[in-house]
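The chain contents come next:
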Amino acid sequence: LPAFLNIKFADPPVIEQITGSIGTVDFRWEHRELHHEFNITTVDILEQHIVDSLNYFQLFGEAKNRRLVAAIHYFYICSRLLVAGHSQWEFMAESILNLCKSLEILFGGSRDAVRQGLQSLGYTQEEVEGDFIPLLILRGFLDVAHPRIAILRQNDLRTLYLFLFNSENRFRKLFERTLKAVEKGLFKLPQEDDLRLDKEDQNIMNRLVDTLSQRNPQIPTTKS
């Protein structure tokens, strides 16, 4: 219903709760279960984390380690999506996509490159294959990067959700480990000397902007 209402409504509607009654018996729709990993924290731990985060900025001066910056940014988008939704699975597909972007921009575009990168940071084969590679499989298998009409079985969805609930915390630990390794010189990333689009991509962007400017006169045309 919200998807159909959204066609005409100015703001996208969401379901807050579902309640009803059968005869004289009232009922409400509830989550069956929710699993999540909790971390114990204190004011001192949070303050130290702020100090550590500021100190890490020295790793990125003069456009250094841009791949790590981009990977952390994609992870940030994932975390924002998880809390922005009315449940953790409202934007689950988009969250998976950003987690995969984090892995691929950090280690490389292939699964083998991701495997090698994670193992170089000290992850075991069991951790790599059980905690990270399934995300890359899900990206291509579910409606993450490609559309899908089929409906998954309920038991399969339950297994996926239980796995995904804990993925965010695994990535927090991954980036903690990566930042410390880069800081100590134990893990080196390919450096990007030029952050501009390459010639082919820039030509595509120029044509795109020119096309858009024709449909929207207020947009200026591209100047090479």
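Scroll up to find the structure.
Structure report, in brief. (Residues numbered from 1 in each chain as written. Predicted model: local features only at pLDDT ≥ 70, side-chain atom pairs only at ≥ 80, totals over all residues. Heavy atoms only, no water.)

**Examining the overall build of the chain**
Okay, step 1: Per the secondary structure count, the chain includes 9 helices and 2 strands.
Okay, step 2: The N-to-C order of helical and strand elements in the chain reads α-β-β-α-α-α-α-α-α-α-α.
Okay, step 3: Radius of gyration (C-alpha) of the chain: 22 Å, far over the 17 Å computed for a compact globule of 224 residues.
Okay, step 4: For the C-alpha atoms alone, the extent of the chain along its principal axes is close to 70 × 55 × 35 Å. (Helix = DSSP H or I, 4+ residues; strand = E, 2+ residues; numbered from the N terminus. Rg over C-alpha atoms; globule rule 2.2 N^0.38 Å.)

**Digging into the packing of aromatic side chains**
Within a pair of aromatic rings, the relevant descriptors are the distance that separates the centres and the angle that separates the planes.
Okay, step 1: Applying the stated criterion across every chain, the model contains 7 aromatic pairs.
Okay, step 2: A centroid spacing of 6.1 Å and a plane angle of 15° characterise the contact between Phe 75 and Phe 171, whose relative ring orientation is stacked. Of the two residues, Phe 75 is situated in helix α3 (residues 66–84) and Phe 171 in helix α8 (residues 167–183); the sequence distance between them amounts to 96 residues. Each member of the pair Phe 75 and Phe 171 is classed as buried.
Okay, step 3: On the numbers, 5.5 Å between centres and 40° between planes, the contact of Phe 75 with Phe 175 is tilted. Placement of the pair is Phe 75 in helix α3 and Phe 175 in helix α8, with a sequence separation of 100 residues.
Okay, step 4: Residue Phe 75 is classed as buried on the basis of its relative accessible area of 9%.
Okay, step 5: A relative accessible area of 6% places Phe 175 in the buried class.
Okay, step 6: Put simply, the rings of Phe 75, Tyr 123, Phe 132, Phe 171 and Phe 175 pair up and form one aromatic cluster. (Phe/Tyr/Trp six-rings, centres within 6.5 Å; stacked < 30°, edge-to-face > 60°. Buried < 20%, exposed > 50% of the residue type's maximum accessible area, 1.4 Å probe, protein only.)

**Describing the environment of Val 43**
Okay, step 1: Structurally, Val 43 is set in helix α2 (residues 43–55).
Okay, step 2: On a C-alpha basis, the gap between Val 43 and His 73 in space is 25 Å, while along the polypeptide they are 30 residues apart.

**Describing the pairing of strand β2 (residues 25–28)**
Okay, step 1: Looking at chain direction, strand β1 (residues 19–22) and β2 are connected through 4 bridges and run antiparallel. Paired with Ser 21 across the strands is Asp 26, a residue of β2.
Okay, step 2: Counting the residues in the hairpin turn of β1 and β2 gives 2 residues, including Gly 23, whose phi is positive at 65°. (Pairing = 2+ DSSP bridges.)

**Focus: α8**
Okay, step 1: Taking 1.5 Å of rise per residue, 17 residues should cover 24 Å, and α8 covers 24 Å from first to last C-alpha, within 8% of that figure.
Okay, step 2: Among all positions in α8, only Ser 167, Glu 168, Asn 169, Phe 171, Leu 174, Phe 175, Thr 178, Leu 179, Ala 181 and Val 182 are buried.
Okay, step 3: Among the structural elements, α3, α4 (92–107), α5 (111–120), α6 (125–141) and α7 (154–165) are those in contact with the buried residues of α8.
Okay, step 4: Gly 185 occupies a position one or two residues after α8 and carries a positive phi of about 80°. (Expected span 1.5 Å × (residues − 1). Contact = heavy atoms within 4.5 Å.)

**With respect to the packing of α3 against α4**
Okay, step 1: The interhelical angle for the contact between α3 and α4, taken along N-to-C directions, is 170°, at an axis separation of 8 Å. Considering their axes alone, α3 and α4 lie roughly antiparallel with respect to each other. Seen from α3, the contacting residues are Arg 67, Leu 68, Ala 70, Ala 71, Tyr 74, Phe 75, Ile 77, Cys 78, Leu 81 and Leu 82; seen from α4, they are Met 92, Glu 94, Ser 95, Asn 98, Leu 99, Lys 101, Ser 102, Ile 105 and Leu 106.
Okay, step 2: Split into classes, the residues belonging to the contact of α3 with α4 amount to 13 nonpolar, 3 polar and 3 charged. (Axes fitted to C-alpha atoms, helices over the stretch in contact; angles between N-to-C directions. Parallel < 35°, antiparallel > 145°, perpendicular 65-115°, else oblique. Nonpolar A, V, L, I, M, F, W, Y, C, P; charged D, E, K, R; others polar.)

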